Amino acid sequence: TRCILKADMVAVTISKYVDVLNEKYNSKNVTLIPHGSFEKPTTPNFDLPEGPKKVMAFGKFGTYKKVEILIEAVEIIRQKSTQAIEIVIAGTDSPNTPGYLESVKQKYAHVPGITFTGYVEENQVATIFNESAMVVFPYTSTTGSSGVLHQAGSYAKAVVMPDLGDLSLLVKEEGYKGEFFNPESAESLAQAIE
């Protein structure tokens, strides 16, 4: 950290990191540049695609991003509603948990309407977001600013997230709106999705 702070300027994506570095290291060269600062998003399409509503989780799964709670929440909704809902799990295993998504596929093979996309090529990111009704963050903790949250915002997608650390801070500081849920409760997540 001290070596990095020798640079003329150090950019971080969350304001509390500016405070931590300034206080802990007495730095004067740390600045906030939020995610998305260098992109000019196109005007989003606010229309939902026809057909079942797709509830998507996007990322590298298996460590603090666990999709079981999402699948269980959608199953709870399906028991109470005739609304057609599909689950899209876009992404891959975290490098620390190889085989995680394959084990989830096997465990929930009896659940209809789940798509595991695997790795999403850059030229397919817009499509996968635009086909979704909302983006769910099935996280048990956070590790910094969320690129997926910023993408969801740029594609005008509703977000459902745990009220945790950096996600909660981003919502408050950057003006995002979302539904929060208890990350230990599928029932709480089901209510937030509804």
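Just above sits the structure.
Q: Would you take a moment to explain the nonpolar core for this structure?
A: Across soluble globular proteins, nonpolar side chains show a tendency to be buried alongside one another. Membership of the largest hydrophobic core comes to 29 residues, with the highest contact counts inside it found for L70, I71, L189 and I193. Among the elements that make up this core, the one with the highest residue count is helix α2 (residues 68-80) (seven residues). Not counting the four nearest positions on each side in its chain, I71 is found in contact with I87, I89, V104, Y108, V111 and I114. Listed in part, the 17 residues of the second largest apolar core include Y64, V120, Y139 and A152.

Q: Whenever I open this one, helix α5 (residues 147-154) confuses me. Can you help?
A: Think of an α-helix as 3.6 residues a turn; residues three or four steps apart then line up on the same face. Buried residues of α5: V148, L149, H150 and A152, and no others. Count one or two residues on from α5 and you reach A156, which has phi positive near 60°.

Q: What should I look at first to understand the environment of K80 in this one?
A: Of note, K80 is situated in helix α2. Polar contacts involving the side chain of K80 include one to the side chain of E194, which spans 3.4 Å.

Q: Before we go on, may I ask you to explain the layout of surface pockets in this structure?
A: Its volume calculated, the second largest pocket comes out at about 220 Å³. In terms of lining residues, the second largest pocket is bounded by 13 residues, among which F58, G59, K60, Y119 and V120 are the most central. When residues of the lining of the second largest pocket are traced back to their parent elements, those giving at least two are β3 (53-61) and β4 (85-93). Ranked by the residues each element gives to the lining of the second largest pocket, the list is headed by β3, at three residues. Tallied by class, residues from the lining of the second largest pocket come to four nonpolar, five polar and four charged.

Q: In this structure, what is going on with the pattern of salt bridges? I would like to understand it.
A: Close approach of charged atoms allows side chains of opposite charge to pair. On inspection of all chains with the given rule, the structure shows five salt bridges. When the shortest N-O distance is used, the salt bridge between E102 and K105 registers 3.9 Å. One end of the pair, E102, and the other, K105, are both in helix α3 (residues 100-107), three residues apart, so they sit about a helical turn from each other. A residue is classified by how much of its surface remains accessible, and K105, at 35% relative accessible area, is partly exposed. Through salt bridges with shared partners, a single ionic network connects K80, E187 and E194.

Basis of the calculations
- Residues numbered from 1 in each chain as written.
- Predicted model: local features only at pLDDT ≥ 70, side-chain atom pairs only at ≥ 80, totals over all residues.
- Heavy atoms only, no water.
- Core = buried A, V, L, I, M, F, W, Y, C linked by side-chain atoms within 4.5 Å.
- Buried < 20%, exposed > 50% of the residue type's maximum accessible area, 1.4 Å probe, protein only.
- Helix = DSSP H or I, 4+ residues; strand = E, 2+ residues; numbered from the N terminus.
- Contact = heavy atoms within 4.5 Å.
- Polar contact = N/O pair within 3.5 Å; in protein donor to acceptor, adjacent residues only side chain to side chain.
- 1 Å grid on protein atoms, 1.4 Å probe; cavity = no way out; pocket = protein on both sides within 12 Å on 5 of 7 lines; lining within 4 Å.
- Points joined across faces, edges and corners; volume = space filled by probe spheres on them.
- Nonpolar A, V, L, I, M, F, W, Y, C, P; charged D, E, K, R; others polar.
- Salt bridge = Lys/Arg side-chain N within 4 Å of Asp/Glu carboxyl O.

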